[in-house]
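Report on the structure
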Amino acid sequence: MMRYKSKNTSKALSLTTISLAVVLGITGCNSGGGTNNTDGNIGLDDNNEQPSLSPSNFILSNNGPSNVGTTNLIDENATTLKTFTSGNNEGVDINKLGHLVHAGDASVASLRTVCHIQNRADGASYDSNIDRELTGSSTGLVNPKGIDHSEKMGLVFVADFNAMQVSIYGDQAAGDVMPVATTITDATPWDLVYDDDNDRLYVALTDGTVAVYDDFVESDFAATPARVITPSDEAGMKVSVNIHGIVLDKSTNTLVLSDVGDAEDITDGSIFVINNADSADGNITVARTIAGPTTMLGNPVDITLTGTDLRVAEKSNDAILVFSDIYNGESGDIAPDLITSTEKPESLVEVPESYQLVDVSDITDGSADILSVAVSSNPATPGATSNMVASFDASLTSNSGSYDTQRTQESSTFDAAGNSYTTFDGDASGILISTKVATNRSDGTYNPSYDRVISGSNTGLVEPKGLDVASQAGMILVAENNETTPGILIYSSCASGNVSPVLTLSTSNLARPWDVDYDAQTDKAFVALTDGTIAVFDEVLANINAGVTDITAESRLIVPATAGAPLEAPTNIHGIDYDPSSDSLIVSDVGSADDITDGKIYVMNDAAAASGVTDISVSISGANTNLGNPVDIMYTGSHLYVAEKSNNLVMRFDNILTSSGGDIVPDLSISYTAPESVAIVPASLQAH
């Protein structure tokens, strides 16, 4: 199955991201274009040497007698770098967060999401504690083949062959859930590609046509195609038989198709180039055709495009083929530029360049535009705001919508793709992960076709409060506040269901945490404790890499102080935000939970190395501040937003690090019932 890739030169896979080495099986394998011929590379240029190809890495899905259920990480010459056993065997795609989605029908119909696939160790396997699966009778899956993502919409599109339909699921869905929608096709579909910018879906059909659905999502998943493209010769006669692979190059408005012809014939495969893809309709004269015995095209089941280099998964002839400069040259029996032997390749996807994933809790650019300020509500008496995550504008003047979690919620935050993470308790406790709440579903509600839940006895979640998401590392960190087993519980961000923490952090005196902020730059977790102190855990991921599953004491304990004297009781730290740019730690103190006037905000400098009694550099408190129970905070890189629960306010204190402090009036505020948490949604998320 194909994926659109820009025509910019692809970069070699970067493994600089700190990830879960033991839990997620990370390896330090480096990619690169080498001349290793262990996979049977055959160069076909004048010097019988390998062609010069742009450094790239790809995930290859295998479907042969001895390798079914495995994927290979391969380089631009199709040299295998490492192998992973996913258990599935059909189409592959990689989303913005770097997770593989792998379709399968070898045993049961399934979509498996594999966390940070390019970083998994050689020989590693699918792990239900850190990965997740969509499968079961409710899914409607029969023979899922090609798949593609809409990053903007948070949707996965599946070409389901024997079901004769395109099935659509939310990107965060897991388990035995119904699709968001299905679209019946006129012939069995094998692959598809979605144009995220123009809301257009192209479906490769095995009757030799391409169905095109314009305004697909906007039209509520159109039931019939707006156009049907039939590859034809100059006389208008159909030349296609059985289209499988499809790739869209938006920069040239071009489709490239692979046709397997007769599946029993290992010589009759073809490649077609179709110009003006966005308007093509009916019998379209192909711009270029590659077919014939020299091409080695028999059953080209999938294709992917990197610049103008077309890679082909040639299943019947057991090879990866590369045709360079695919748009130019004569039609006919053209030899591949590179042939690499491999058993029964099924699908290919290019590994993207490493994304610069910045989570909302790690924003440091105070000048960046803010899309919204998300606030969860948790009133003691159920009311209109119960279960709601409301969206306010940056100036706190209006509420633009609310997402209904359908749960007694605590804190909410977002990952680098705009998915929301919300802790909840009540009849059950857990984490709700919802697709694209930051950008697309501000007036939506929880829906298992879109969303997933981490909950159950194995999770250890009893009274979860604040949480943080580390997208680059694939972690969810949760402050578990229960009296008996308090601690920071860390889960894979890909997981679903009744899973166990991958690491538990506990303080030496079992103090109860309310919130946590993880800093990826320093690999530290800063934990707000309700006894008025702050625990710091160093080398969180390094410990995971070493196989540690429990840490029973903090690395350091920070005791907020004034002029060297620890703060007097009552002191009860709740909200916490570490700013790596200034090495400042900002915390909120609710004081006595029964006093709606004694809340405080503190700033402490040189926080990364702070230990023991640490003087406060900025202190804000007093009647004018309206601080009573400031249960959560978030820093924008210049201003501090505060969820003030007891006084039913969301507030902002500007230029917090240089504030004179004292009994100052907040710069902005808006009334809202029992705000429990606050999170900043950057405008940059709208682009994804």
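As a reminder, the structure under discussion sits directly above these lines.
Residues take numbers from 1 onward in each chain, read along the sequence in its written order. For a predicted model such as this one, the threshold for reporting local features is a pLDDT of at least 70, and the threshold for listing and counting side-chain atom pairs is 80 or more; totals across whole chains, interfaces and linings nevertheless cover every residue. Values shown for side chains rest on all heavy atoms present in the structure; no hydrogens or waters enter the calculation.

1. Some remarks on the overall build of the protein
Under the convention used in this document: In this description a helix means any DSSP run of H or I spanning at least four residues, a strand means any run of E spanning at least two, and both kinds are numbered starting from the N terminus. Every radius of gyration here is taken over C-alpha atoms, with the globule rule written as 2.2 Å times N^0.38, N being the number of residues. Contacts are assigned to residue pairs that have any heavy atoms within 4.5 Å of one another. Surface accessibility follows the Shrake-Rupley procedure with a 1.4 Å probe radius. Residue values consider only the protein chains on display as shielding. The charged-residue count follows a simple rule in which Lys and Arg add positive charge and Asp and Glu add negative charge, with His and chain termini not counted at all. Lys charges are placed at NZ, Arg charges at CZ, Asp charges at CG and Glu charges at CD.
Assigned secondary structure in the protein consists of one helix and 53 strands. For 688 residues, the compact-globule estimate of 2.2 N^0.38 gives 26 Å, and the protein sits close to it at 27 Å. Principal-axis analysis of the C-alpha atoms places the extent of the protein at approximately 85 × 50 × 45 Å. The contacts in the protein between residues at least 6 apart in sequence include a share of 59% that link residues at least 24 apart. In the structure as shown, the protein presents an accessible area of about 23200 Å², 47% of it carried by carbon and sulfur atoms. Positive and negative charge centroids in the protein, built from 30 and 92 side chains respectively, lie 2 Å apart.

2. Some remarks on the pattern of salt bridges
A side chain of one charge can pair with a side chain of the opposite charge if their charged atoms are brought near each other. Under the convention used in this document: Put simply, a salt bridge is a Lys or Arg side-chain nitrogen that is within 4 Å of an Asp or Glu carboxyl oxygen. Buried residues are those whose accessible area, probed at 1.4 Å on protein chains only, stays under 20% of the maximum for their type, while exposed residues exceed 50% and partly exposed ones sit between those limits.
Going through the model one piece at a time under the given rule, you end up with 19 salt bridges. The partner of Arg-120 in a salt bridge is Asp-131, and the shortest N-O contact between them spans 3.0 Å. Residue Arg-120 is found in the loop between strand 7 (110–114) and strand 8 (132–135), and its partner Asp-131 is found in the loop between strand 7 and strand 8; the two are separated by eleven residues along the sequence. In this structure Arg-120 comes out as buried when scored by relative accessible area, which is 3%. In this structure, Asp-197 engages Lys-152 in a salt bridge whose closest nitrogen and oxygen atoms are separated by 3.4 Å. With Asp-197 in the loop between strand 13 (189–195) and strand 14 (200–205) and Lys-152 in the loop between strand 9 (144–150) and strand 10 (155–160), this pair connects stretches of sequence that are 45 residues apart.

3. Side note on the state of the cysteines
Filter applied, for reference: Any two cysteine sulfur atoms within 2.5 Å of one another count as a disulfide.
Summed over the entire model, instances satisfying the criterion amount to one disulfide. The side chain of Cys-115 participates in a disulfide bridge whose partner is Cys-494; the two sulfur atoms lie 2.2 Å from each other. Sign of the S-S torsion, about 75° for the bond between Cys-115 and Cys-494, identifies this disulfide as right-handed. Taken together, the residues span a long stretch of sequence, with Cys-115 in the loop between strand 7 and strand 8 and Cys-494 in the loop between strand 36 (487–492) and strand 37 (503–505) at a distance of 379 residues.

4. Brief notes about the side chain of Asp-425
For Asp-425, the position within the fold is in strand 31 (residues 420–425). Leave out the neighbours within four places in its chain, and Asp-425 touches Thr-408, Glu-410, Val-462, Pro-464 and Lys-465.

5. Quick notes on the pairing of strand 49 (residues 630–635)
The test is simple: Pairing between strands requires that DSSP locate at least two bridges from one strand to the other.
Most of strand 49 is tucked away, with six of its six residues classed as buried. Here strand 49 pairs with strand 50 (residues 640–644) via five bridges, running antiparallel. Looking across to strand 50, one finds that Met-634 is bridged to Tyr-641. Linking strand 49 back to strand 50 in an antiparallel pair, the connection comprises four residues, with Gly-637 at a positive phi of about 105°.

6. Here's the deal with the nonpolar core
For clarity, the threshold we go by: To qualify as a nonpolar core, a set must consist of buried Ala, Val, Leu, Ile, Met, Phe, Trp, Tyr and Cys residues joined through side-chain atoms within 4.5 Å.
Ranked by internal contacts, the top residues of the largest apolar core, which has 31 residues, are Val-373, Val-375, Phe-392, Phe-414, Tyr-672 and Val-678. Looking at this core, the elements that each hand over two or more residues are strand 27 (370–377), strand 28 (388–392), strand 49, strand 50 and strand 53 (675–682). Beyond its immediate chain neighbours, meaning those up to four positions away, Tyr-672 contacts Val-375, Ser-377, Thr-385, Met-388, Ala-390, Phe-392, Asn-399, Asn-648, Leu-649 and Val-650.

7. Some points on the sheet that holds strand 21 (residues 288–291)
The condition is simple: Helix axes are fitted to C-alpha atoms over the stretch in contact, other axes to C-alpha atoms as well, and angles between N-to-C directions run from 0 to 180 degrees.
Spatially, four strands are ordered 17-18-19-21 in an open sheet, and the strand pairing comes out antiparallel. The sheet terminates laterally at strand 17 (243–249) and strand 21, the two strands that pair on one side only. Neighbour-to-neighbour, the strand axes of this sheet turn through a mean angle of 15°, independent of strand direction. As paired elements, strand 19 (residues 270–274) and strand 21 share four bridges and run antiparallel to each other. Looking at strand 21, one finds that Ile-271 is bridged to Ile-290.

8. Section: the sheet that holds strand 7
Strand order in the open sheet made by the four strands is 5-6-7-8, with antiparallel pairing throughout. Across the chains shown, the open sheet's two edge strands, defined by having one partner strand only, are strand 5 (92–94) and strand 8. Averaged over all adjacent pairs, the angle separating strand axes in this sheet is 15°, with direction ignored. Here strand 6 (residues 100–104) runs beside strand 7; their pairing, made up of five bridges, is antiparallel. Bridged to Gly-104 within strand 7 is Ser-110.

9. Section: the environment of Thr-405
Note the cut-off: For this analysis, a polar contact is any N or O atom pair within 3.5 Å, provided that within protein one partner can donate a hydrogen and the other can accept it, and provided that sequence-adjacent residues contribute only side-chain to side-chain pairs.
With respect to the helices and strands, Thr-405 occurs in the loop between strand 29 (399–404) and strand 30 (408–414). Thr-405 sits in the buried class, given a relative accessible area of 0%. Looking at Thr-405, its side chain comes within polar contact range of the side chain of Gln-409, at 3.2 Å.

10. Comments concerning the pairing of strand 40 (residues 534–537)
Neither face of strand 40 is left uncovered, since the one carrying Ile-534 and Val-536 and the one carrying Ala-535 and Phe-537 both have all their residues buried. Across four bridges, strand 39 (residues 524–529) lies against strand 40 in antiparallel orientation. What sits directly across from Phe-526, in strand 40, is Val-536. Between strand 39 and strand 40, which pair antiparallel and follow one another directly, the connecting turn spans four residues, one of which, Gly-532, has a positive phi of 90°. In terms of strand pairing, strand 40 meets strand 42 (residues 556–562) through three bridges, oriented antiparallel. Note that in strand 42 the partner of Ala-535 across the bridge is Leu-557.

11. Looking at the environment of Arg-311
For Arg-311, the location among the structural elements is in strand 23 (residues 309–314). Between the C-alpha atoms of Arg-311 and Leu-338, which are 27 residues apart in sequence, the distance is 9.3 Å. Not counting chain neighbours up to four residues away, the residues in contact with Arg-311 comprise Leu-53, Phe-58, Glu-76, Asp-302, Ile-303, Thr-304, Thr-306, Leu-321, Val-322 and Leu-348. Here the side chain of Arg-311 touches Glu-76 through a polar contact of 3.0 Å, landing on its backbone oxygen.

12. Describing unusual backbone geometry
In this chain, Ala-569 is followed by Pro-570 through a cis amide linkage whose omega measures 0°. Considering the arrangement of structural elements, one finds Pro-570 in the loop between strand 43 (565–566) and strand 44 (573–579). Phi at Phe-221 is positive, roughly 65°, even though this residue is not glycine. On the secondary structure map, Phe-221 appears in the loop between strand 15 (210–213) and strand 16 (227–232).

13. Some remarks on the environment of Pro-630
Note on placement: Pro-630 falls in strand 49. A relative accessible area of 0% places Pro-630 in the buried class. Spatially, the C-alpha atom of Pro-630 lies 6.2 Å from that of Lys-645, the residues being 15 residues apart in sequence. Not counting chain neighbours up to four residues away, the residues in contact with Pro-630 comprise His-574, Gly-575, Ser-588, Asp-589, Val-590, Gly-599, Lys-600, Ile-601, Val-642, Ala-643 and Glu-644.

Read these as spatial facts, not as claims about activity.
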